[in-house]
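# Observations on the model geometry
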Amino acid sequence: MLSEIFFLKGISFEYPFVLLLILFFVFCSRFCKPKTISYYVPHIEIFAQSSTINSSVVSFLKWCTIIFSIIALSSPIKELNVINNKKDGIDMVLSLDTSGSMRQIGFNKQNLDQNRWDVTKDIVDDFISKRINDNIGLVVFGSSVMTASPLSYDKNAQKKILQGLGIAIVGEKTALIDSVATAVNILKQRVTKSKIIILLTDGEDTASSIPLDVVEKMIKKYNIKLYTISIASRNNFVLNKLAAANGGRSFAAKSKDELETIYETIDKLERSKIDQNKVVLKEYLFFYPLYISFFTFLLFVYFKNKKEVF
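Read on for a plain summary of the structure.

Definitions and limits used
Residues numbered from 1 in each chain as written. Predicted model: local features only at pLDDT ≥ 70, side-chain atom pairs only at ≥ 80, totals over all residues. Heavy atoms only, no water. Buried < 20%, exposed > 50% of the residue type's maximum accessible area, 1.4 Å probe, protein only. Helix = DSSP H or I, 4+ residues; strand = E, 2+ residues; numbered from the N terminus. Arc of directions from axis to C-beta. Contact = heavy atoms within 4.5 Å. Polar contact = N/O pair within 3.5 Å; in protein donor to acceptor, adjacent residues only side chain to side chain. Patch = residues over 30% accessible without salt bridge, like charges linked within 9 Å, V, L, I, M, F, W, Y side chains within 5 Å. Areas by Shrake-Rupley, 256 points an atom, 1.4 Å probe, with all protein chains shown as cover. Salt bridge = Lys/Arg side-chain N within 4 Å of Asp/Glu carboxyl O. Phe/Tyr/Trp six-rings, centres within 6.5 Å; stacked < 30°, edge-to-face > 60°.

### Some details on helix α5 (residues 155-164)
Taken together, the buried positions of α5 are occupied by K155, Q158 and L162. All buried residues of α5 lie within an arc of 60° about the axis, which places them on one face of the element. In this structure, α5 carries N156, K160 and G164 as exposed residues pointing more than 90 degrees from its buried face. Elements in contact with the buried residues of α5: β3 (91-97), α4 (116-130), β4 (135-141) and β5 (145-152). The N-cap of α5, judged by a side-chain oxygen 3.4 Å from the amide nitrogen of N156 a few residues on, is D154.

Structure below.
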């Protein structure tokens, strides 16, 4: 693009095609010269030297006026900052199982001594880093449910909180359905177009007090999409029901590699529209070439009149 071609030291042009007018003036200076009547003046060589110098100055000033005027018309700018419109991001709650069964090892084929929770933390940490435009909250569940982080754009803080969480931090059992209800309560007052819950667990519900059908109705009522991820679990009836409540999807992973692929898939499915809603802060620089062209124009008029006097 021309805006990139004419880019120089952080300065670009809003209307780069206007610069093509310079070529138009060059073409006209070469092929559109007016015919002039020649006169014979005796002893013209007396004025030849001073006239040549003066003509060069006038020509230089004329071209400076033309070129800098065109540069001013092309509107040179310098981008100072880019502000994202956060309102067009996604509100997302990551609900993570920290029950006692997450101690089991063998989920990572490259490191059989790594337990399920440590594998999950590493993958979720990477997922959070990719969602820079989204408002993310963290919920963990065991025998009870805890909001580890409210909705926030501070990804560094969330990653530190995630790394500080441990197995059985809220008990050994699995309050899976209750965790979804907590995540819904976090999202229900939000006015964003996209509200997402990503639920990860390695077992069946053993501790919830809220009925499944109540949570399904909550998901529909507040228009929340739920993605469920099952780790090494064969019975996924509850997870499938929750995901299907409002157009979500259910996934199952039997290894670390499969779990990474699932989070990559969700990352692609739920792309924020925020990249299309950026506010670019610009500094307009057109007045600099405009001042130069005005100054050279005044000098051009002065030397032009001086030449005609001679």
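### Focus on the environment of L21
Tracing the backbone shows L21 in helix α2 (residues 21-31). With a relative accessible area of 36%, L21 lands in the partly exposed category. Spatially, the C-alpha atom of L21 lies 9.6 Å from that of I71, the residues being 50 residues apart in sequence.

### Things to note about a nonpolar patch on the surface
Taken together, the side chains of F294, F297, L298 and V301 define a hydrophobic patch exposed on the protein surface, amounting to about 370 Å² of accessible area. Mapped onto the secondary structure, L298 falls in helix α10 (residues 287-309). L298 sits in the partly exposed class, given a relative accessible area of 45%.

### Quick notes on the packing of aromatic side chains
The final tally for this structure, using the stated rule, is seven aromatic pairs. For the pair F24 and F25, a centre-to-centre distance of 5.8 Å together with 80° between the ring planes defines the contact as edge-to-face. On the basis of relative accessibility, which here comes to 48%, the residue F24 falls in the partly exposed class. Classification of F25 as partly exposed rests on a relative accessible area of 33%. Considering the side-chain rings of F287 and Y291, the 6.2 Å spacing of their centres and the 50° angle between planes classify their relative orientation as tilted. Linking F287 with Y291, this pair stays in helix α10, spanning four residues, or about one helical turn. The exposure class of Y291 is exposed, given its relative accessible area of 57%.

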